[in-house]
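Overview (structure and organization)
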Amino acid sequence: MDSAAANPVHRSWIVIAAKSIVVLQALAIVYMLSSVWVTVAVAAGFMTVVVAIKALSRASRQVDEIFDEELGRQ
């Protein structure tokens, strides 16, 4: 039973830079359309989602390892 987590792969610096630019542009649009405090709240929301996804991915890998050890997958 595999969880839905993707297999970790090496990410190119270009991919990381592109994602960073997209997030910063989204925050810039929010800043231009609203106040600084709303932008800070949206940035905190982005960070919360990123941290939650990383934690859930790590937990999924650990569960897969435990299942492999306990069930002896072949």
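Here, every reference points to the structure presented above.
Here is a short report on the structure shown in this document. (Residues numbered from 1 in each chain as written. Predicted model: local features only at pLDDT ≥ 70, side-chain atom pairs only at ≥ 80, totals over all residues. Heavy atoms only, no water.)

**Comments concerning the overall build of the protein chain**
The secondary structure content of the protein chain amounts to 2 helices and 0 strands. Sorting the 74 residues of the protein chain into buried and exposed places 5% on the buried side. Roughly 6,500 Å² of accessible area belongs to the protein chain as shown, and the carbon and sulfur atoms make up 70% of that amount. (Helix = DSSP H or I, 4+ residues; strand = E, 2+ residues; numbered from the N terminus. Buried < 20%, exposed > 50% of the residue type's maximum accessible area, 1.4 Å probe, protein only. Areas by Shrake-Rupley, 256 points an atom, 1.4 Å probe, with all protein chains shown as cover.)

**Digging into a nonpolar patch on the surface**
A surface patch of nonpolar side chains, about 870 Å² in accessible area, is lined by Ile-29, Tyr-31, Met-32, Leu-33, Val-36, Trp-37 and Val-40. Contributing elements (two or more residues each) for the nonpolar patch: α1 (13-33) and α2 (36-71). When residues in the nonpolar patch are grouped by element, the largest group, 4 residues, is from α1. In this structure, Val-40 sits in helix α2. (Patch = residues over 30% accessible without salt bridge, like charges linked within 9 Å, V, L, I, M, F, W, Y side chains within 5 Å. Salt bridge = Lys/Arg side-chain N within 4 Å of Asp/Glu carboxyl O.)

**Considerations on the packing of α1 against α2**
Relative to each other, α1 and α2 sit at 150°, their axes nearing to 8 Å. Classified by the angle their axes make, α1 and α2 are roughly antiparallel. Viewed along their axes, α1 and α2 form a crossing whose handedness is right-handed. Residue-level contacts link Val-23, Ala-26, Leu-27, Val-30 and Tyr-31 of α1 to Val-36, Val-38, Thr-39, Val-42, Ala-43 and Phe-46 of α2. Looking at the contact of α1 with α2, its residues break down into 10 nonpolar, 1 polar and no charged. (Axes fitted to C-alpha atoms, helices over the stretch in contact; angles between N-to-C directions. Parallel < 35°, antiparallel > 145°, perpendicular 65-115°, else oblique. Left-handed = near helix turned anticlockwise from the far one by under 90°. Contact = heavy atoms within 4.5 Å. Nonpolar A, V, L, I, M, F, W, Y, C, P; charged D, E, K, R; others polar.)

**Remarks on α2**
The end-to-end C-alpha separation of α2 is 52 Å, in line with the 52 Å expected for 36 residues at 1.5 Å each. Every buried residue of α2 is listed here: Thr-39, Ser-60 and Asp-64. Residues of α2 that are buried in the fold lie against α1. Positive backbone phi, approximately 60°, marks Gly-72, located one or two places after α2. (Expected span 1.5 Å × (residues − 1).)

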